[in-house]
Amino acid sequence: MKSSAVAEFPLRTDCIQFNHASYGLSSLRVIDEGERLRREIESDPTVHLGPELTARLEMQSANVAGALGVEPDRMTLCTNATSGAAAIIASVPLTSTSTVVILDVEYSSIRRAWEIACAKVGADLVPVAVPMPLESAADLLTELDARTPGPIDYLQISAITSSTAIQMPIPALAAWAKQRGGRLIVDAAHVPGHIPLMPQQWGASAVFGTLHKWFPTLRPVGFLWLDPELDDLIRPAEVSLTWDSPSLVERFSWPGTFDPAPRLCVDTAVDQWREWASEGLLDGCKALADNADRAIVDSGARCTSAPEYRPPRLRAYILDGASPLHVKDLLQSAGIRAWVGQGSHGECLLRLATHIYNDENDVDRVTHRIKEVLSR
């Protein structure tokens with residue numbers, strides 16, 4: 001898999017990349033298309049950044065919606081996951097009697113945004129610890145019940161958590177939120193190009209995320225999906241010329257002067273991703289992630305969840321007794337790029353994202369280093 005696939009990316013040949021889940025990784029095909037688009041725009045910005053742009057962005061948004069299997073009028077492209085989240089959190093009604101529940105494994109900027117929004121009005125923000133490793137949905141529901149005995153307004157979760165790489169039991173969490181009278185807000189940064197996006201089946205009121213993590217598109221490209229009940233409420237965090245538009249797509253199409261090339265070449269990235277899927281390369285990435293589980297657990301690490309909660313191509317491990325800084329430095333010096341950090345309970349976490357340019361030799365090299373860490 002690696003020899004031919006690595007040529008599709010501008011990767012350094014002297015390092016092993018297991019961290020595209022942090023920033024994404026553009027393919028050479030998409031980079032070339034992006035440069036072509038930028039040159040086209042610069043040939044006549046008055047035309048290409050004028051009304052013509054909105055029509056092109058509407059077409060790209062519709063194409064992405066079709067690829068993800070959601071209704072085009074319910075989804076829009078935006079700058080990134082943070083901008084989508086900011087729009088939701090700044091727009092939803094909160095009062096001093098509101099209760100927002102958020103899991104402690106949520107992305108730090110999302111937690112901070114809810115903290116600020118709740119503090120402004122005196123709303124109650126309730127963090128709930130996710131048992132680690134997560135063995136069952138029942139364990140998490142028990143924690144939610146213990147921390148939140150009464151009604152809620154919003155439950156903020158991730159479809160796939162970032163640092164702990166847990167594919168959350170969304171139906172169970174959605175049912176819990178509904179029983180408490182609350183709306184479900186989903187961070188889907190690690191969903192498009194990785195697992196199916198199913199906002200209606202999830203019972204979500206709003207979903208935000210990125211495309212540039214798991215599709216090979218340029219960065220940044222985000223998306224926002226809204227249930228009709230929230231459509232009229234949600235506005236971009238920045239007040240631009242299209243802020244008042246009744247069209248969701250147009251509303252988020254012009255955040256002021258920006259580089260539209262990443263959004264305009266999303267179709268190229270999606271087409272390439274489909275080629276990889278049809279060739280079985282993405283299934284190969286899942287098999288490689290499963291092999292990494294076995295090898296790294298045999299080295300003494302622990303998975304962050306039971307198998308049913310592990311995403312196809314993103315896995316995380318608890319390295320008991322290890323220092324995140326030491327592990328990060330050790331991997332960095334060995335030319336291995338992976339996310340290492342501290343979990344919400346103080347544990348050392350290692351996260352690996354497998355891509356079509358990885359192979360068993362890469363897994364062997366990272367496993368060797370983890371054995372070195374855990375044998376001390």
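Remember, it's a predicted structure, so these values are computed and weren't measured experimentally.

The rules behind the values
- Residues numbered from 1 in each chain as written.
- Predicted model: local features only at pLDDT ≥ 70, side-chain atom pairs only at ≥ 80, totals over all residues.
- Heavy atoms only, no water.
- Helix = DSSP H or I, 4+ residues; strand = E, 2+ residues; numbered from the N terminus.
- Buried < 20%, exposed > 50% of the residue type's maximum accessible area, 1.4 Å probe, protein only.
- Lys, Arg positive; Asp, Glu negative; His and termini not counted.
- Salt bridge = Lys/Arg side-chain N within 4 Å of Asp/Glu carboxyl O.
- Polar contact = N/O pair within 3.5 Å; in protein donor to acceptor, adjacent residues only side chain to side chain.
- Phe/Tyr/Trp six-rings, centres within 6.5 Å; stacked < 30°, edge-to-face > 60°.
- Pairing = 2+ DSSP bridges.
- Axes fitted to C-alpha atoms, helices over the stretch in contact; angles between N-to-C directions.
- Contact = heavy atoms within 4.5 Å.

Let's talk about the side chain of R235
- Looking at the element boundaries, R235 is found in the loop between α11 (228-231) and α12 (248-251).
- For the buried R235, which has no salt bridge, the nearest side chain bearing the opposite charge is D244, at an N-O separation of 4.7 Å.
- Reaching out from R235, the side chain makes a polar contact with the backbone oxygen of D232 at a distance of 3.4 Å.

Details of the packing of aromatic side chains
- Counted by the stated rule, this structure contains five aromatic pairs.
- For the pair F9 and Y357, a centre-to-centre distance of 5.1 Å together with 85 degrees between the ring planes defines the contact as edge-to-face. One end of the pair, F9, is in the loop between α1 (2-5) and β1 (16-17); the other, Y357, is in the loop between β13 (348-353) and α17 (360-374), and 348 residues separate them in sequence. The pair F9 / Y357 is uniform in exposure class, with both members buried.

Some details on the sheet that holds strand β4 (residues 124-128)
- Reading across the sheet, the seven strands line up as β2-β8-β7-β6-β5-β3-β4 and stay open at both edges, with mixed pairing between neighbours. Each edge of the open sheet carries a strand with a single partner, namely β2 (75-78) and β4. Strand-to-strand twist of the sheet, defined as the mean angle between neighbouring strand axes without regard to direction, takes the value 15 degrees.
- Bridge count for strand β5 (residues 154-158) against strand β6 (residues 183-187) is five bridges, and the pairing is parallel. Bridge assignment links S158 to a residue of β6, and that residue is D187.
- Each of β3 (99-103), β4, β5, β6 and β7 (206-210) is contacted by helix α7 (residues 108-121), which is oriented at about 165 degrees to β3, the strand it contacts most.
- Helix α8 (residues 137-147) contacts β3, β4 and β5 of the sheet and is inclined by roughly 150 degrees relative to β4.

Some words on the sheet that holds strand β10 (residues 314-318)
- Taken together, four strands build an open sheet; the order of strands is β9-β10-β13-β12 and the sheet is antiparallel. The open sheet has two edge strands with one neighbour each: β9 (302-303) and β12 (339-342).
- By the bridge criterion, four bridges tie β12 to β13 in an arrangement that is antiparallel. Within β13, the position partnered with V340 by the bridge is L350.
- Most of the contacts of helix α15 (residues 281-298) go to β10, to which it runs at about 10 degrees, and overall it touches β9, β10 and β13.

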